[in-house]
Every structure is written in structure tokens, then in C-alpha cells.
Amino acid sequence: MREVAVFIAPCLYDSNKSFVSGLQKNEISVTRFDVYADKKEGNPYLEAVKKHNKIVAESPEGGFSQFKGCSNHDAIEDYNFLCIAIEDSTRGVTRAHSSGMCVIGIGSNEIELNRLMSQGAHAVAKSISDVLQMFKIHNYYQVQYLPYAIYLRDIVNRKVGYPVSLLDTLRGRFMIVPPETDDDGIADIDQELDDLSISLDQSERKVELNNGANRIIPREVLGIEPGSLADVYINNVGWPQDKINNIHFNSRGLEMDCIRMFAKLYEISYDEMRGFLTSGGTEGNFCGLWWQRDYLKRKSGGRDPIILTSNLSHYSVSKACQQLCIEGRLISTLPDGSMNCEELERTLISISESEPERPILMQVNIGTTMTGAIDDLPAIHSLLVKHVSNRGGIFTVHMDAALTGAILPIIKPFGDNINYFRDFNVKTIAISGHKFFGSVCICGVLLACSEFLEECFNQQEVGVKYLTGLHDITPSGSRSGFNVLSFHNTLCGLYCHTDARRLKDVVAHCIRNTDYFVERMSELVGEEKMIHPLFSLQVCFPRPSEKMMQKYSLMPVTMPDRDDVEFAGVCILINVDKTRIDEFMVDYKKDEVAKTFLK
Ligand SMILES: *Cc1c(COP(=O)(O)O)cnc(C)c1O
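Residues numbered from 1 in each chain as written. Predicted model: local features only at pLDDT ≥ 70, side-chain atom pairs only at ≥ 80, totals over all residues. Heavy atoms only, no water.

J.: Lay out the site of the ligand with the relevant residues and their values.
T.: Taken together, the neighbourhood of the ligand is formed by 13 residues, with Gly 281, Thr 282, Asp 400, His 434 and Lys 435 sitting nearest. A distance of 2.6 Å separates a nitrogen atom of the ligand from a polar atom in the side chain of Asp 400. Contact with the protein chains covers 86% of the free accessible surface of the ligand, which is 380 Å². Among the elements that line the shell around the ligand, the one with the most residues is helix H11 (residues 281–299), at 3 residues. (Near = heavy atom within 4 Å. Polar contact = N/O pair within 3.5 Å; in protein donor to acceptor, adjacent residues only side chain to side chain. Areas by Shrake-Rupley, 256 points an atom, 1.4 Å probe, with all protein chains shown as cover. Helix = DSSP H or I, 4+ residues; strand = E, 2+ residues; numbered from the N terminus.)

Have a look at this one:
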């Protein structure tokens, strides 16, 4: 879990019991805690922190110097530092501010609040509960998002560097007075646009420093609340773990935290795993194949690798191969949609005979788009060892686990205690954030074996240029930092930062309902007319009428060796329950096309 440094000086602890109970529930991890000048026995904050957290920086004075990484520079690099300064901690606020922390001042009356504000607090409130309410914080892990809401806004107001205009975000100095309203109270929108076209200098004369919602480009219609996290500029350009960083408006710390949660979920140590948040499964596939192409080429003295992928792989794989000029062989599939290992073996033998030194890039599907079939990775790995490594060749494996990557470590289709990197020579795993996880922000994650990445991007060997001060090994350049917050919130909401108990519950719910769907559908059409691969949450059955396809957003499915039947597919996720399945079955039974398939 991401660390939140909380600084609480002479405390109003009695009025903030909820904060303590959050600590006790271990939902917020406070690893740096400064009890500035208050060592009174029985201080409940201190007790709670001591009991539930590992590190306690206890120092009567100058506590910040003990916070690792809290020099001016580092704090900016790593700034989800939160300082909650209470009442007469004058020096505390000033120091925290100059250390680059986000400072929330707590004071009991107006005079105190004004004083804290003038000392540099980014926000003030009368109690911690007020802070939580003000920022709509419902769970304690969300406390770590506060600095983004407050501190980033503060940077926006001071920024003169880096060529981003922040036009969307500007407020305060450039704020425009609301347009005059007509008699009926509706703003004259055209008039407002005319005003804008005058020039900023002129509009500045109309400025009112009320810190309200008005701005050059109003966005309330999009549901974006002024001052909310969706309202600040957050750009995670580059590789999240890169020390060098030109952009202060970033949430890279939380991005690394997402990778940490995946490491936990996959039971792989964080040292062994690297990664970043992608724009989705497609970028993950592209990047995984890109890195592996270059790695294999370098490892094999300049030979172009050949990719082996099944004929049911997602089209993003062939698209990436085109972009990256990787030659490929399509391997046929079994009736359930998983890779045909017999054909894979024949292909491997034929390559080893004709081009024994050709490196192999193996792409496996952990859940195909059409049927959710999982390729038999242990069997594929054995074949690769037998026909590639044992004959002196090299291979690597990329896993496309767009949807199933979320549940793979829970359903464990290949058995317990599996480390994909170590046991199957997997180098990268691409997962979508908006499929099983259901993030409304379109995003994904690419997990990579850290040893592989180090070899891949060894600075001397590859000669990466640090011209711009950025060591960017991601495909895209600027990346959404808000997506990171959103996905982080999703992961924590599923308790991936602790024991993933809610994710496990969700998975169990989906499996139960998938079983129920299979049972009901096989009563109607019979199992032989259905496709339901082992461990899949997807079920295919004879395609009903177009009307029904539309009504239930069914996926049209065509299987390579089944051109006799047209299928439709469902994916039973958390939004589907037994009632909906029952309704579906009633409709299916009545459907004029589906009727012809009934037993
Ligand atoms: C959806 C999907 C992708 C692409 O993911 P996006 O997040 O849509 O880019 C890749 N592979 C498989 C198997 C998929 O189902």
C-alpha cells in the first residue's frame, strides 16, 4: 500500500475518533507519523499507529527531516505526503509546506483557520471528519488521494513552466465573471464566447477572485466538479519508476502502487515485477510484443523472432505484429477456442528444422475474446522447452489476459504456487482495466518480469538517450494520471491492497452465475450446441434473433471449425444475477430464431 505521511501536531484527537478507527482497521497505512511535540501517554493516534504500522518517526522537533524522501526535491517527486496540522503548530505548517507536502490545517475557529491558511495550508477545516466529508472520502485508503486534489491544484496556480496551457483548469486569476443572464435566467452563451475571444488580458479585468466554479472552459455539464480529482491536470508521462521526472503533476506513486497490488495478487514479489498503466489491453499487447521482439533479436545476434499465436487471438495482436513487422504463424484452435497444442508442436518442429536459430515469441491467450478459452500454458511451455531451448534456441512468452488476468490468480487454472515469470518464462502480461475490473476509465496494465526488463533496457547496451531527461520505455509519452487514480480506487475498493477479499467474492459470484447460466441453457438447447471452456465466464450458444442480440448486447461469435452454427456469447460478470438470467431464458425460449434450436 502506498505510504501516506501524516503529520499531526498537537492533536485534537478526541474529536477525530473515525480517523483512529480507520488506522485500526488497517485500511490506511501510515508509515511516517510525526507526533510533533506531543508525546502524552494515551495519545490514541500514536497508539493506533504504533500498533498497526511499522515505522514511527517520532521526533519532538524537525520531524520532517526524518521522513525519507522529504527534502524539497524528493517530496515533489513523491508527493502524496499529507500533513494534517492542527492548531498552534505554526512551524509545522510552514515546514511542511516548504517540504512540498500537502498541508491540511485543522483549527477550531475562524481565527485559527485564517492563521493556518496564511501560513501556507492548502486547505483548512474544523476537524478531520470535515476534511473527509469535504473531499467525499468514504474509505480510509482514499485519504491518500487528498494530496492530488489539493496539492496539484496549488501547483496549477503557480505554474509558469512546461508547455501545457492548463486552459481547462484555469481558475482564480483568469476566472471570468459569470455572463449576464437573460430575463428567463438562461445565460447568453454566445455572448460569453464573444467575451472569451477578446483576450485574456481584457477578461482579466472582469476577474473575481472568489475561487468559484467559473472558468474559461466550464465543464460541469460533464459531471466534473470544480476542484475534484477529475478537475486537475495529472500526467504520468514516461516510465513510472524513472527517477527523472519533469512533470510535477503526476500520480506515478499510485501507479507503482497499482503494480504492487498486482504483484500481491499474483503472489510474485514486487522485486520481480515491474509495469505501468496502459491505455488498455491493446497497448499492453503492443508493448509486450515490442519489448520481446527487441529482446529476442538482441539475444540471438540480430535474428528476427517469429511469433506463434492462435487463430482466435484478439485482433490487437495481429495489428501489433504489423506495426512491429513481426512475422507470425497462426496456430489452429480446439473446439473450445484454446490453442491446439498438437499443431503447435508440429509448427515448432518444422521451424526447428528449417530455421533452428530463429527465436520464438510465444503469445498465449488467457481468455480469448470469443469464448474465454485459456491456452494450456504448462503444456505450451513444455513444448517450447523441448523444441526450442533444448535445441539451443531461445523463446519468450507474452500473455494476453485482457479480461481473465483479473481472476487468473484466484481461479488458478494451472495449480497453486505458480509464478508465471519463473515457471513458464513469461515476460509480459497484458490486462485490461475496463473489462473484468469494470473501470469506467478505459485503461489497462502491463506487468513485466523485472529481470527481463533490466536486460531489455540495459542503458549501456541499448544506448537509451537521456536527452530529455526522460527514460521512457512506454509506447505513448504522456499518459493519463487520472486513469491511475481511478484504477487505483477500483483495485483498493476490491481490497487488492490487503487480502483481495472483495475481488474474490466478486469472482465467486460470477462463477456461480455462470454455472447457473450453463445449467439453464443446456436444459434448453443441450450441451453439444454450446461452448463453455473450463474456467471461462463466457458461454456461447446458438445465435437468437437480431432483436434479442440487441436487447441483451450479445456478442456474435463465429468459430473457425464450426461454420455450420452461428453462435452468440454472454459474459457473466457482476452485473448479471439469477433474475436476469431467468428473464433471458424466458425470452430465448420464445425467440422465433432460437426456437429452432430448442431440444
Ligand atoms: C478486449 C481484448 C483486448 C483488447 O483490450 P482493449 O482494452 O480493448 O484494448 C485484447 N485481448 C483480448 C483477448 C481481449 O478480449
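The structure having been displayed, the exposition proceeds.
J.: For helix H13 (residues 341–354), give the residues involved together with the corresponding values.
T.: With 14 residues, H13 extends 20 Å between its outermost C-alpha atoms, agreeing within 8% with the 20 Å of an ideal straight helix rising 1.5 Å per residue. Looking only at H13, the buried set comprises Cys 341, Leu 344, Thr 347, Leu 348, Ile 351 and Ser 352. The buried side chains of H13 occupy one side of the element, clustering within an arc of 130° when seen end-on. Turned more than 90 degrees away from the buried face of H13, the exposed residues are Glu 342, Arg 346, Glu 353 and Ser 354. Tucked into the core, H13 has its buried residues touching strand E7 (306–310), strand E8 (327–331), strand E9 (360–365) and helix H14 (377–387). Among the residues of H13, the N-terminal cap falls to Asn 340, whose side-chain oxygen and the backbone nitrogen of Glu 342 are separated by 3.0 Å. (Expected span 1.5 Å × (residues − 1). Buried < 20%, exposed > 50% of the residue type's maximum accessible area, 1.4 Å probe, protein only. Arc of directions from axis to C-beta. Contact = heavy atoms within 4.5 Å.)

J.: Quick one: what's the story with helix H10 (residues 252–265), residue by residue and with numbers?
T.: Over its 14 residues, H10 runs 20 Å from end to end, which matches the ideal 20 Å to within 8%, given 1.5 Å per residue. Buried residues dominate H10, accounting for 12 of its 14 residues.

J.: Kindly report on the nonpolar core, identifying the contributing residues and their values.
T.: Soluble, globular proteins show a tendency: their nonpolar side chains are buried together. Phe 262, Tyr 266, Trp 291, Tyr 420 and Phe 436 are the most contacted members of the largest nonpolar core, which has 93 residues in total. Here this core spans two domains, since at least three of its residues come from each of domain 3 (252–493) and domain 4 (502–597). Once residues within four sequence positions are removed from consideration, Phe 436 is found in contact with Leu 403, Ala 406, Ile 407, Leu 503, Val 506, Val 507, Cys 510, Leu 537 and Leu 573. By size, the runner-up hydrophobic cluster in this structure holds 22 residues, among which are Tyr 516, Met 549, Ile 581 and Phe 584. (Core = buried A, V, L, I, M, F, W, Y, C linked by side-chain atoms within 4.5 Å. Domains from an automatic or database assignment.)

J.: I'd love a proper account of the environment of Glu 454, names of residues and values included.
T.: Tracing the chain through its elements places Glu 454 in helix H17 (residues 450–456). Given the relative accessible area of 53%, Glu 454 is considered exposed. On a C-alpha basis, the gap between Glu 454 and Arg 274 in space is 9.9 Å, while along the polypeptide they are 180 residues apart.

J.: Got a sec to walk through the UniProt feature "modified residue: N6-(pyridoxal phosphate)lysine" (unreviewed entry) in the chain? Specific residues and values, please.
T.: On the UniProt side, "modified residue: N6-(pyridoxal phosphate)lysine" (unreviewed entry) is annotated at positions that read Lys 435 here. If we ignore the near neighbours within four places in the chain, the residues touching Lys 435 are Ala 402, Leu 403 and Leu 573. (UniProt positions renumbered as here; feature names shortened; annotations may be inferred.)

J.: Quick one: what's the story with the pairing of strand E10 (residues 395–400), residue by residue and with numbers?
T.: With 6 of 6 residues buried, E10 is to be regarded as a mostly interior element. Both faces of E10 are covered, namely the face carrying Phe 395, Val 397 and Met 399 and the face carrying Thr 396, His 398 and Asp 400. Strand direction decides the pairing type here: E9 and E10, joined by 6 bridges, are parallel. Of the residues in E10, the one forming a bridge with Asn 365 is Asp 400. What joins E9 to E10 is H14, and the crossover it makes is right-handed. (Pairing = 2+ DSSP bridges. Right-handed = clockwise from strand over helix to strand, strands pointing away.)

J.: Provide a residue-level description of the pairing of strand E15 (residues 567–571), including the pertinent values.
T.: Most of E15 is tucked away: 4 of the 5 residues are buried. In the sheet, strand E13 (residues 538–542) pairs with E15 via 5 bridges, with the strands oriented antiparallel. Bridge pairing in E15 places Cys 540 opposite Gly 569. Of the pairings in the sheet, the one linking strand E14 (residues 555–557) to E15 comprises 3 bridges and is antiparallel in character. Each bridged residue has a counterpart across the sheet, and for Pro 556 the counterpart in E15 is Ala 568.

J.: Which residues make up the side chain of Ser 300, and what values go with them?
T.: Among the structural elements, Ser 300 can be located in the loop between H11 and E7. Classification of Ser 300 by relative accessible area gives buried; the value is 11%. In this structure the side chain of Ser 300 is engaged in a polar contact, spanning 2.8 Å, whose partner is the backbone oxygen of Leu 296. With residues near it in sequence (within four places) discarded, Ser 300 still touches Pro 359 and Ile 394.

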